[in-house]
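Remarks on the overall topology
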Amino acid sequence: MNLKNILYLDIETVGITHKYEQLSERMQHLWDKKSQQFIIKDNENKPSDFFEQKAGIFAEFGKIICISVAYFKNDQLRITSFVNEEEHILLQDFANLLQTYFDNSKFYLCAHNGKEFDFPYLCRRMLIHGIKIPSILNSQGKKPWETNYLDTMELWKFGDYKHFTSLDLLSAIFDIPSPKDDIDGSQVHEVYWTTHDLNRIKTYCEKDVLTIVQLMLRYEGKALLSEENIIYV
């Protein structure tokens, strides 16, 4: 695999509202049904108790606030981010990037747990906003081996379908600096809705995408990138 033909990405998501009570009555009812899958039986927990923790995981109840991407150019890694409270603007800008530079069969998209989370989440939110899904991202009608997806978690599984390994754990065992030195994914919802600190979230997202690149390099038996080989644009 030519690492220069890969666009690495990571997304940060939050619930569509800060609190459960801010949902419409219809959406509250649908969340109540959805949340039955993770409510612990014989417990005092209610569906509303899980909203702030879990809503951002589901494309039907969440939204994307940041997409960070990385790619190699002239032997340097370039990292850039799409950040916007208006999700349709962020998604359209990202779709334009894919359609302009990466929408052909030689390129691949790479994310950690991307096949289960990032890629389908992006597609679902684009559909909700009426944005045409770029062909490199769209898996509809394609067989699994026809998609241009790379997933650093799947590569680590070696065929073990039940095994989940976090990006933070993999970065630790491969001696890659942790991307979770400030916040982690479980805190993004609260940071966004209480302080709207998009720069802090963007920094965290860019650390994640850099870690994905470093992990792929280690998978390939290559040295980690040094700071002078990384450009933020």
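The text that follows walks through the structure, step by step, so that each part is easy to find. This one's a predicted model, so the numbers in the text were calculated from it and none came from an experiment. Counting of residues starts from 1 at the beginning of each chain's written sequence and follows it residue by residue. Since the coordinates come from a predicted model, pLDDT governs what is reported: local features require at least 70, and pairs of side-chain atoms require 80 or more to be given and counted, while whole-chain, interface and lining totals use all residues. Excluded from the side-chain calculations are hydrogens and water; all other atoms, namely the structure's heavy atoms, are used.

So, the packing of helix α7 (residues 188–195) against helix α8 (residues 198–219)
Note the cut-off: A fitted line through C-alpha atoms serves as each axis, taken over the contacting stretch for helices, and the angle formed by two N-to-C directions is quoted from 0 to 180°. For helices the rule is a DSSP run of H or I covering at least 4 residues; for strands it is a run of E covering at least 2, with both sets numbered from the N terminus onward. Roughly parallel means an angle under 35 degrees; roughly antiparallel, over 145; roughly perpendicular, 65 to 115; everything else is oblique. What makes two residues a contact is simply this: any of their non-hydrogen atoms within 4.5 Å. Under the grouping applied here, Gly and all other residues not named as nonpolar or charged are polar, the nonpolar ones being Ala, Val, Leu, Ile, Met, Phe, Trp, Tyr, Cys and Pro and the charged ones Asp, Glu, Lys and Arg.
The geometry of α7 relative to α8 is characterised by a closest axis approach of 9 Å and an angle of 155° between their N-to-C directions. Judged on the interaxial angle alone, α8 and α7 are roughly antiparallel. Judged by residue contacts, V188, V191 and Y192 of α7 engage L198, R200, I201 and Y204 from α8. The residue inventory of the contact of α7 with α8, partitioned by class, reads six nonpolar, no polar and one charged.

Side note on unusual backbone geometry
One non-glycine residue, D75, adopts positive backbone phi at about 65°. With respect to the secondary-structure elements, D75 resides in the loop between β2 (62–73) and β3 (76–83). Positive phi values are uncommon outside glycine, yet F158 reaches one of about 55°. Residue position: F158 is located in the loop between α5 (152–157) and α6 (167–173).

Some thoughts on the pattern of salt bridges
To keep things clear, this is the line we draw: Salt bridges are counted wherever a side-chain nitrogen of Lys or Arg sits within 4 Å of a carboxyl oxygen of Asp or Glu. Partly exposed residues are those whose accessible area sits between 20% and 50% of the maximum for their type, while under 20% is buried and over 50% is exposed, using a 1.4 Å probe and protein chains only.
Counting across every chain of the model gives six salt bridges. Across the salt bridge formed by E52 and K19, the nearest N and O atoms sit 3.1 Å from each other. Placement of the pair is E52 in helix α2 (residues 51–54) and K19 in the loop between β1 (6–15) and α1 (25–34), with a sequence separation of 33 residues. The exposure class assigned to E52 is partly exposed, which follows from its relative accessible area of 29%. For K19, a relative accessible area of 30% puts it in the partly exposed group. Linking K46 and D49 is a salt bridge whose minimum nitrogen-to-oxygen distance equals 3.6 Å. Note on K46: relative accessible area 45%, which makes it partly exposed.

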